[in-house]
Amino acid sequence: MALIALFSVFFFMMFLGAPVAIAMGVGSMAYMLLSDIPATVMVFSMVDSLGGITLLAIPFFVLAGEIMNTGGVTHRIFNFANLLVGHVRGGLAHVNILSSMFFAGISGSAVADTAGLGRIEIKAMTEAGYPRPFSAAVTAASSCIGPIIPPSILMVLYGTMTDVSIPALFLGGLVPGVLLGVAMMIYVYVAGGRYVAPGEKASLRAIGRSAVRNAFPLMTPFVILAGLVFGLFTPTEAGVVAVAYAFIVSSVMGDMRLKDIGPMLVATLETSTQILFILAMSSLFGWLVTTERIPETLSAFFDMTGYGRVAFLLAVNIILLILGTFMSLTSILVIFTPTLVGMGNALGVDPVHLGVVVVLNLTVGLITPPLGWALYIVTEIAEIRFIDTARAILPFLIPILFVLFLITYVPALVLFPSEYLLQAQ
Amino acid sequence: MQTLDRILGRLHAIYLRVAQAILAALVLGVLTQVVFRYAFSRSILGLEELTKLGLIWLTFLAAAILHRNRKHISVSALYDVMSDGGKRLARAITSVATIALAVFLFVQMAEVWAFMMLKSPIYRIPDTWFRLAPLAAFVPIVLQEFVNLAMLARHQAAPGRR
Amino acid sequence: QTTLRLACPSAADNPTCLAANRFAEEAGALSGGSLDIQVFPAGQLGRGAEAIQQTQAGIIDLVVEDITNYANFVNDYNIISWGFTFRDQDHFKAFLESDIETRLETQLREQYNLRFLSVEWAKLPRVVVSTKPVFTPEDLKGLKFRVPGIPSYIKTWETLGTNPTSVPWGEAFQALKTGVTDAMESPLDSIVAQKFHLAAPYVTLTNHVFPSITLAINETKFQKLSADEQSALVEAASRAAGYSAELATQTEQTAAKKITDDGGFVISVNSAPFRKMLAAKASEQEADGLWSAGLMDEIQAIK
Ligand code: NA
Ligand code: NA
C-alpha cells in the first residue's frame, strides 16, 4: 500500500515536470507518512549515501572529459580517426563511430561525447554531403559507447551502490564497448555507403605521424586501466590521475588557458551534482527495498517459473528498455539497482555481469524515442526535426540490441578480461 | 519578493564560489595523496574524512544552485504539451510539494539532532557538520519556491531561468 | 507480534551473521512467536559506528557489532583496542564479566539509549597480515598500515612505528593487493573469510586485541517489550553466544591450515617487544584522555 503510494506520487510529480530528485523525495515522504518506518531515517540515508570516497571518481571523470573538450584534444581525436577509417565505404560515419570509441576511453559519460565531439562530427558530415538525419543518428548512436568503454560514471555509481569491484566493472565494459563499435560500423558499411563516396586513403606515414602526435591523449584509457589493474591506484585516484593527465596533455598540446579552469569546474559541478543529488534523494528508496525484502519476493517469483536466471535477465532487458524510453538513466540506475542486484544474487547472476548489462541497457535509453536524451542534443546540433532523427536512429537499434542480447547471454564476453587480469577475490 | 530574489541570487553566487573551491581542493587533495604515496611512501591519514565532508557539501551547495537555475534532471515531455493553465498548475503543485518535502525534512532533522554525537576519528569533525549540509540546500530551495509561487500568482515568468 | 530489524555487518554466511540468525530463531521460539526478528546481513542497513548511531535513533532496532566500535560513544571502550591491554583470552573474558564493564555498559545505556544484550559473541584474536614478514616491531617501521577508524587503533599502530592509513573495509583486499597498503590487522577468522592472505601472504599471530561481538538493542524499544519478551531476548542472545563460540573453535582449527594451504605463511612471534613498546606509551594515552585515568590499572588488577 505504502509502496504503491511511493510510486504513484513519484511518477505523478515527475510527469508534472518536477526535478526527478525532488519527485523521489516527495514519493519517499508519502511512503513514510503511510508506513511505520521511522521517517528520521532520511536524515541519515541522504548524507550517508554520499559518504563513499569512490563517488569522488564521478566529478573527476567528468572533469577529465571537460578538459579534453576545452583543450582541443577532441578535434585531434577526430582527425586521427579520419586518417584511419575515412577511406572505408561509409567514410565519415565510420570516423564518427571510431572517434567515439577513442573518446569513450577518456570520458566517463555520454554527455561529454554528444555535446563536445558530436558538434564536430555533425558539422564535418554535413559539409561532406551526408544527409543531416543520418549524421545526427550516427552521432547519437555512437555516443552510447561512452559509458561502456571504461572509464564509466554509471559503472562507478553501480559499483558504489553494490560494493562490486569497480576495476572489474570497467574491464567488463571493454569487450562489449568494442563489439558495439564494430556492430555499428557493419551497419554503416551496409547502409551508409550509398550517400557519399569515401575519402582518400591516407598514407601510412601520415597515419604514423598523427599517431605519434596524438599518442598521449589516445593512451589515456590504457593509463587508467593499467593503473587500476596493476593496482597503482584506487578508482578515485584513477579519476584524479585522468584529470592531471588530461590537464598536462591539453596544456602542452592544445590551447588550454588558466581562465578556462573556472567554467570547466562549473560545468563539472553541474553534471556531477545532477547525478549525486538524485542519488542522495533516492537513498531512502534503497533502504525500503532492503527492509521490505522486495528482491527476495521478486526472485522467488522468477524461481517459480523454472527459468530463474534466463527469465530474470530477459525481464531486466525488457523492463529497462521500456523505462529508458521515458526516464533518465541515472534515476533508473539509482532506483532499481538495489532490487536488481538483490534478485541477481538470489538467482546466481554475477554482479559484474549484471552491472555491465544494466549499464548498456540504460545507455540504449539515450537514443530511444520519445525521450532519448542524446536524440534531443543531436537534433538541436543538426538543426532538423525531431521526427527525422527518430526515424534515422531506428535501424541503429538493430546492431545495438544484438550486442545487448549477446552480452546478456554470453557472460564470458563481459567477465573474461577481469577474471584473467584480476585474479583471486 | 524581488528583494528576496536578489538576496537569493547573491547567496547562490557565494555557493558557486565555495563549491568551485571545494571541487578544486578535492582534486588537489587526492592528487597530493597519490604523489605522497609514490614520492614519499606516506599516506595522508584522515584524508577520507575531509573528502567525505567536501563531497557532501559540494553536492548540496551545487544542488541549490541547480534548483534555482532549473538545471536538475527532469522529465518535461508531458509538461511541454500542457496548456498555459496546466503548466501554471503543475508549477504550483511542484512548488508546494517541494516546500512540504523540505519542511518534513527539517522536522526529521530536529527530531534526531540529539543523536548526532559521533565525531570522526582523526580530525574529530562533529557529525552535525556532515548532517547540516542538506539544510544548506533546502533553506534556499524553500525560499526560492516561495518566490516562484509569488511570481506565479502575479502571472510572471518564474525567475532564475538562465 | 513485534517485528525487530537487526543489522549485521558481515556476509550472510559469516559466523557473526550465522549467530545473529540463531539469535533470531531462538528469540522467536522463546517468545512463543511474539517476536519476529529480521536479520539484514552484509551491512545492508549500514555498519560500524553509523549502524550503532541509527540504532540509537531507533531506526534500526538491534545491531551486531565489534565492541570496540562503542569507543565512538563511550570513550573508555578505547582501552579494548589499545594493543596488548589484556594478558590473554581469559583476562579479557574476566573483564567482560567484571563490574568495570558493567559500569561502561550503564553509561552507554543512560547517555546513548543503547542496551547490550550480550557482549560475548566470539571472534578470534586480532592478528597482522602483511606483504612482508613481520617478526619484531622493527619490521613494522614505515609500513602503510590499514587501521579501523577508531582512535585507539590509530594510536596503537602509530606507536608501533607504522604509517596508519584509513581504507574502508570493503576496499581492504584491493588496497593490500595493489600496494595502497602494505599491511593491516584484523581477526584471524576475517583474514580467511576475506582472503586477505591471498593479497598479503604473511600472517603474524600478534593477538594484540581480543575482540568480542556485541548485540545491542535500542533501550526505548526494549522498555516497550513485555517482561517475557525481554527475557526471551536476553536468553536468546546468550544461546547465540554459545553457538558463536562453537563456530569460532571450528574456524580456529582450520584457519592456519587454510592460510598455509593457499601458499601463505603463519608466523608465531614473541609478543613481549611489541607489548613493551605499547605499555610504555599507555600512560601517555591515558593522560591524553584516550580513556579515563586509572582505568588501565583497574583492568590490570583483574585476576
Ligand atoms: Na567511457
Ligand atoms: Na560519435
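Going by the structure above, here's the rest.
A brief look at the structure comes next.

The rules behind each value
Residues numbered from 1 in each chain as written. Chains lettered and ligands numbered in written order. Predicted model: local features only at pLDDT ≥ 70, side-chain atom pairs only at ≥ 80, totals over all residues. Heavy atoms only, no water. Donors = N, O, S within 2.8 Å, 3.2 Å for Na, K, Ca; no water. Tetrahedral: all angles 85-135°; square planar, octahedral: opposite > 155°, others 65-115°. Helix = DSSP H or I, 4+ residues; strand = E, 2+ residues; numbered from the N terminus. Buried < 20%, exposed > 50% of the residue type's maximum accessible area, 1.4 Å probe, protein only. Pairing = 2+ DSSP bridges. Axes fitted to C-alpha atoms, helices over the stretch in contact; angles between N-to-C directions. Patch = residues over 30% accessible without salt bridge, like charges linked within 9 Å, V, L, I, M, F, W, Y side chains within 5 Å. Areas by Shrake-Rupley, 256 points an atom, 1.4 Å probe, with all protein chains shown as cover. Salt bridge = Lys/Arg side-chain N within 4 Å of Asp/Glu carboxyl O. Disulfide = S-S within 2.5 Å.

## Considerations on the coordination of the sodium ion (ligand 2)
All names here are of chain A. At 2.2 to 2.9 Å from the sodium ion (ligand 2) lie its protein donor atoms, namely Asn96 (O), Asn96 (OD1), Ser100 (OG), Glu121 (OE), Glu121 (OE) and Ser142 (OG). Seen from the sodium ion (ligand 2), its 6 donor atoms lie at angles of 47 to 165 degrees, and the figure they make is irregular. Donor residues binding the sodium ion (ligand 2) come from one chain and are separated in sequence as N-x3-S-x20-E-x20-S. Here the residue Asn96 occupies a position in helix H6 (residues 92-104), and Ser142 occupies one in helix H8 (residues 132-143), the gap between them amounting to 46 residues. Exposure class is identical for Asn96 and Ser142. Each is buried.

## Quick word on the sheet that holds strand S6 (residues 144-146) of chain C
Residue and element names in this part refer to chain C. Taken in spatial order, the 6 strands line up as S7-S6-S8-S5-S9-S11 in an open sheet, and their pairing is mixed. Either end of the sheet is taken by a strand with one partner, and the two such strands are strand S7 (163-165) and strand S11 (265-268). If you compare each strand with its neighbour and ignore which way they point, the axes differ by 35 degrees on average.

## Some details on a nonpolar patch on the surface
Residue and element names in this part refer to chain A. Together, Tyr307, Val310, Leu314, Ile318, Ile322, Phe405, Tyr409 and Val410 give the surface a local cluster of nonpolar side chains, amounting to about 720 Å² of exposed area. At the level of secondary structure, the elements contributing two or more residues to the nonpolar patch comprise helix H16 (308-324) and helix H21 (397-409). If one sorts the elements of the nonpolar patch by residue count, H16 sits on top with 4 residues. Structurally, the position occupied by Val310 is in helix H16. Residue Val310 is classed as partly exposed on the basis of its relative accessible area of 47%.

## Regarding the pairing of strand S10 (residues 213-218) of chain C
Residue and element names in this part refer to chain C. Among the 6 residues in S10, 6 count as buried, and that is most of the element. Both faces of S10 are covered, namely the face carrying Ile213, Leu215 and Ile217 and the face carrying Thr214, Ala216 and Asn218. In this sheet, S10 lies alongside strand S3 (residues 62-66) in antiparallel orientation, the contact comprising 5 bridges. Looking at S10, one finds that Leu62 is bridged to Ile217. Across 5 bridges, strand S4 (residues 114-121) lies against S10 in antiparallel orientation. Note that in S10 the partner of Phe116 across the bridge is Ala216.

## A closer look at the state of the cysteines
Residue and element names in this part refer to chain C. By the definition in use, this model includes 1 disulfide over all chains. The disulfide partner of Cys8 is Cys17, and the gap between their sulfur atoms is 2.1 Å. Its S-S torsion of about -110 degrees marks the bond between Cys8 and Cys17 as left-handed, since a negative value means left-handed. Cys17 shares its class with Cys8; the two are buried.

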